Amino acid sequence: LQNAFAECGYDRKYAKVSLSNRPDLCEYQCNGAMAAAKAYKKKPIDIANAVVEQLTGEHASSVFSEVVAVMPGFINLKLSEGFLADYMNGMAADEKLGLGEPEKKETIIVDFGGANVAKPLHVGHLRSAVIGESVKRMGRFLGHNVIGDVHLGDWGLQMGLIIEELRDRKPELPYFDENYTGEYPAEAPFTISELEEIYPAASGKSKVDEAFKERAHQATLKLQKGYPPFRAIWKHIMNVSVADLKKNYSNLNVDFDLWKGESDAEPYIQKMIDTLEAQGLVHESQGALVVDVAEESDTKEIPPCLIRKSDGASLYATSDLATIVEREEDFKPDRYIYVVDKRQAMHFEQVFRVAKKAGIVKPETKMVFLGFGTMNGKDGKPFKTREGGVMRLEKLIADIDEAVYQRIMENRTVSEEEAKETAKIVGLAALKYGDLSNQASKDYIFDTDRFISFEGNTGPYILYTIVRIKSILEKYKELRGADAKVVPIRPAESETEKALQMALCRFGEVTESAFYETAPHKLCQYMAAVADAFNAFYLENKILSEEDAAKQAAFISLITLTKRVLDTCMDLLGMESPEHM
Ligand code: ARG
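Residues numbered from 1 in each chain as written. Predicted model: local features only at pLDDT ≥ 70, side-chain atom pairs only at ≥ 80, totals over all residues. Heavy atoms only, no water.

The environment of the ligand is made up of Asp-111, Gly-114, Asn-116, His-125, His-151, Tyr-316, Asp-320, Tyr-338, Val-340, Gln-344 and Phe-348. Asp-320 places a side-chain nitrogen or oxygen 2.7 Å from a nitrogen atom of the ligand. Compared with its free state, where it exposes 350 Å², the ligand has 86% of that area covered by protein. A per-class count over the shell around the ligand returns 4 nonpolar, 5 polar and 2 charged. (Near = heavy atom within 4 Å. Polar contact = N/O pair within 3.5 Å; in protein donor to acceptor, adjacent residues only side chain to side chain. Areas by Shrake-Rupley, 256 points an atom, 1.4 Å probe, with all protein chains shown as cover. Nonpolar A, V, L, I, M, F, W, Y, C, P; charged D, E, K, R; others polar.)

To continue, consider the sheet that holds strand E11 (residues 366-372). Taken together, the 4 strands give an open sheet; going across it, the order is E6-E5-E10-E11, and neighbouring strands pair in parallel fashion. Because the sheet does not close on itself, it has two edges, and the strands there are strand E6 (145-149) and E11. Across the sheet, the axes of successive neighbouring strands diverge by a mean angle of 15°, strand direction being ignored. Each of strand E5 (107-111), E6, strand E10 (335-341) and E11 is contacted by helix H11 (residues 316-330), which is oriented at about 150° to E10, the strand it contacts most. Strand contacts of helix H12 (residues 345-357): E10 and E11, with the helix running at about 175° to E11, the strand carrying the most contacts. (Pairing = 2+ DSSP bridges. Helix = DSSP H or I, 4+ residues; strand = E, 2+ residues; numbered from the N terminus. Axes fitted to C-alpha atoms, helices over the stretch in contact; angles between N-to-C directions. Contact = heavy atoms within 4.5 Å.)

In the contact formed by helix H13 (residues 393-410) and helix H14 (residues 416-436), the axes pass within 8 Å of each other and the chain directions differ by 125°. With respect to each other, H13 and H14 are oriented oblique. Judged by the sense of rotation from one axis to the other, the crossing of H13 with H14 is right-handed. Listed contacts from H14 to Leu-396, Ile-397, Ile-400, Asp-401, Val-404, Tyr-405, Ile-408 and Met-409 of H13 are Glu-416, Ala-419, Lys-420, Thr-422, Ala-423, Lys-424, Val-426, Gly-427, Leu-428, Ala-430 and Leu-431. Here the residues of the contact of H13 with H14 sort into 13 nonpolar, 2 polar and 4 charged. (Parallel < 35°, antiparallel > 145°, perpendicular 65-115°, else oblique. Left-handed = near helix turned anticlockwise from the far one by under 90°.)

Core analysis: the biggest nonpolar cluster contains 149 residues, and Leu-396, Ile-462 and Phe-507 have the highest contact counts within it. Residue contributions to this core peak at 11 residues, all from helix H20 (residues 549-572). Those residues in contact with Ile-462 that lie beyond four places of it in its chain are Tyr-433, Met-527, Ala-528, Ala-531, Leu-566 and Met-570. If you look at the next biggest cluster of nonpolar residues, it comprises 34 residues, including Leu-276, Val-282, Tyr-336 and Tyr-338. (Core = buried A, V, L, I, M, F, W, Y, C linked by side-chain atoms within 4.5 Å. Buried < 20%, exposed > 50% of the residue type's maximum accessible area, 1.4 Å probe, protein only.)

This next bit is on the side chain of Thr-422. On the secondary structure map, Thr-422 appears in helix H14. Assessed through its relative accessible area of 6%, Thr-422 is described here as buried. Here Thr-422 is in contact with Ile-408, Pro-578, His-580 and Met-581, once residues within four sequence places are set aside.

In this section: the sheet that holds strand E3 (residues 64-70). Strands sit in the order E1-E2-E4-E3 across an open sheet of 4 strands; the sheet is antiparallel. Across the chains shown, the open sheet's two edge strands, defined by having one partner strand only, are strand E1 (17-19) and E3. The sheet shows a mean angle of 25° between the axes of neighbouring strands, direction not considered. Sheet analysis places E1 next to strand E2 (residues 28-30), joined by 3 bridges and oriented antiparallel. Looking at E2, one finds that Val-17 is bridged to Cys-30.

Counted by the stated rule, this structure contains 39 salt bridges. For the salt bridge of Glu-133 with Arg-137, the shortest nitrogen-to-oxygen distance reads 2.7 Å. Of the two residues, Glu-133 and Arg-137 both sit in helix H5 (residues 123-141), 4 residues apart, roughly one turn of that helix. Of the residues examined, Glu-133 reaches a relative accessible area of 1% and is grouped as buried. Glu-326 is the salt-bridge partner of Lys-260, the closest N and O atoms lying 2.7 Å from each other. Here Lys-260, found in the loop between helix H9 (228-251) and helix H10 (269-278), pairs with Glu-326, found in helix H11; they are 66 residues apart in sequence, far enough to count as distant. Taking the relative accessible area as the measure of exposure, Lys-260 reaches 24% and is therefore partly exposed. Taken together, the salt bridges that share partners define one network made up of Glu-164, Glu-165, Arg-167, Asp-168, Arg-169, Glu-197, Lys-205 and Arg-215. (Salt bridge = Lys/Arg side-chain N within 4 Å of Asp/Glu carboxyl O.)

Let us look at the packing of aromatic side chains. Overall, the coordinates contain 23 aromatic pairs when judged by the stated rule. For the pair Tyr-249 and Trp-259, a centre-to-centre distance of 6.0 Å together with 65° between the ring planes defines the contact as edge-to-face. Here Trp-259 lies in the loop between H9 and H10 and Tyr-249 lies in helix H9, a separation of 10 residues in the sequence. By relative accessible area, which is 26% here, Trp-259 ends up partly exposed. Ring centres of Phe-537 and Phe-555 lie 5.1 Å apart, and the angle between their planes is 90°; on these two criteria the pair is classed as edge-to-face. Taken together, the positions of Phe-537 in helix H19 (residues 520-540) and Phe-555 in helix H20 put the pair 18 residues apart, joining distant regions of the chain. Given the relative accessible area of 0%, Phe-555 is considered buried. Taken together, the aromatic side chains of Tyr-336, Tyr-338, Phe-348, Phe-352 and Phe-369 make up a single cluster linked through ring pairs. Across the ring face of Phe-212, the terminal group of Lys-205 is positioned such that the distance to the ring centre comes to 4.6 Å. Sitting over the face of the ring of Trp-234, Arg-231 holds its NZ or CZ atom 5.1 Å from the ring centroid. (Phe/Tyr/Trp six-rings, centres within 6.5 Å; stacked < 30°, edge-to-face > 60°. Lys NZ or Arg CZ within 6 Å of the ring centre and 35° of its normal.)

Below is the structure:
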């Protein structure tokens, strides 16, 4: 189309093609003649006609089966079935389904997970883990060097709270004896279940006991300054808690390349502050160090970024900025993606501005904040247990698995054993899809019944479609056995066959936009569209009972590609599919 515009003497830039918004009339449309008409002072229809003539005349393009100009100057396009089939076969032959390599291979840090050590993982952390994992996988699939960092909250007040609570409970421990000079025990003075109980107890106490709160604050400062006994307790807290976190994340099929945390930024804080000071960016405000980040073009107030409190304590921004210094030294990322609750948007806006202003990152480094909304219960309020407490992630997963298991057992065709296994896979996919299918920034309602339904835009619906294709392919193998020949995908001969191919060919474009716009929901929408197109095709065409072996083999090739596309999308979103359902 660009060539055709150029041949007619118009700028190539007018040859913009989009998916048709009148699928009854055409598959794609180009509205460029309208825009060109203004620039060249001509009638749009004349431009459209000239372009159409180029594409249909003597040197007609093989890309289209239909190119027509319609008033006032639209160009309506239909793809040639032959061209489309070639494209399908190209996808099928390519490991990356035709996606190719990125123009520039980027190093990308995805900062996600963000669990706070020693506090139980709750549903709030679920979103970061699920969304971040898919962003990481998509980036990697596109060919970038993607590094996932869990960036634990491991340096805050919770540590002081735990230390002081431990002192109250077990004052005899050597950590609390100032005259102790020996080695500290290798064994932690608590188990994970004790630790899980200690934090909420301490946090509750600090709310009613001012003196205790102050002690916890002082203990936190001492820890941050490196006081050996507290460092020793901190290491125990870290070991016990991180082992548990690893188990939890792995149950979610989420993993990290780096298990760093706020504490790792400690050694970079001074260097970061020196950089800011050397450039005269910091000033004192009521004893605290701040950097002004407001810009003239701001439409809302962006307050100064707090770098250090008057008592010398570090803040959230301090550790995030120091972490950027560390990451620049280690990786020089081209892009940072933070997957964090959208209520932290202001914090990241401030941090990004300081990092750019101070030259901690290059001007062209992309700093992306992927802020997600709240997961609410059916009552529209933040998700709670029936008793009103914070819902533990493990409990949430167990509940959804159980619901899927019940559903499978209702019309069971498999052993109890297999049903349990299947329920785990389907349950996790239901949970993740329920989350990922919403635009991340929106709040959404956690609704087990809807998430596990086999109908509608749900994980189980997609899985069911994949399992259906699997079973057709298995039966085909049984049926034809060794006779089965692998043939190319054929030019579509029916509307549903073409519609399926048209859906498949969008894979690369959708994956790219889902990643670069950090919008995994686009990939979910896409999977649902492919599943719909497949199911419509399946309804209209007999595959297993098809007598024409060549036609049947071509169908098999088409649904094999369909399955690959769906499997790949599932994998990019961090989900798996079971053998049977
Ligand atoms: N631990 C934080 C929280 O629970 C999230 C960390 C996000 N990442 C970051 N670099 N600040 O809110």
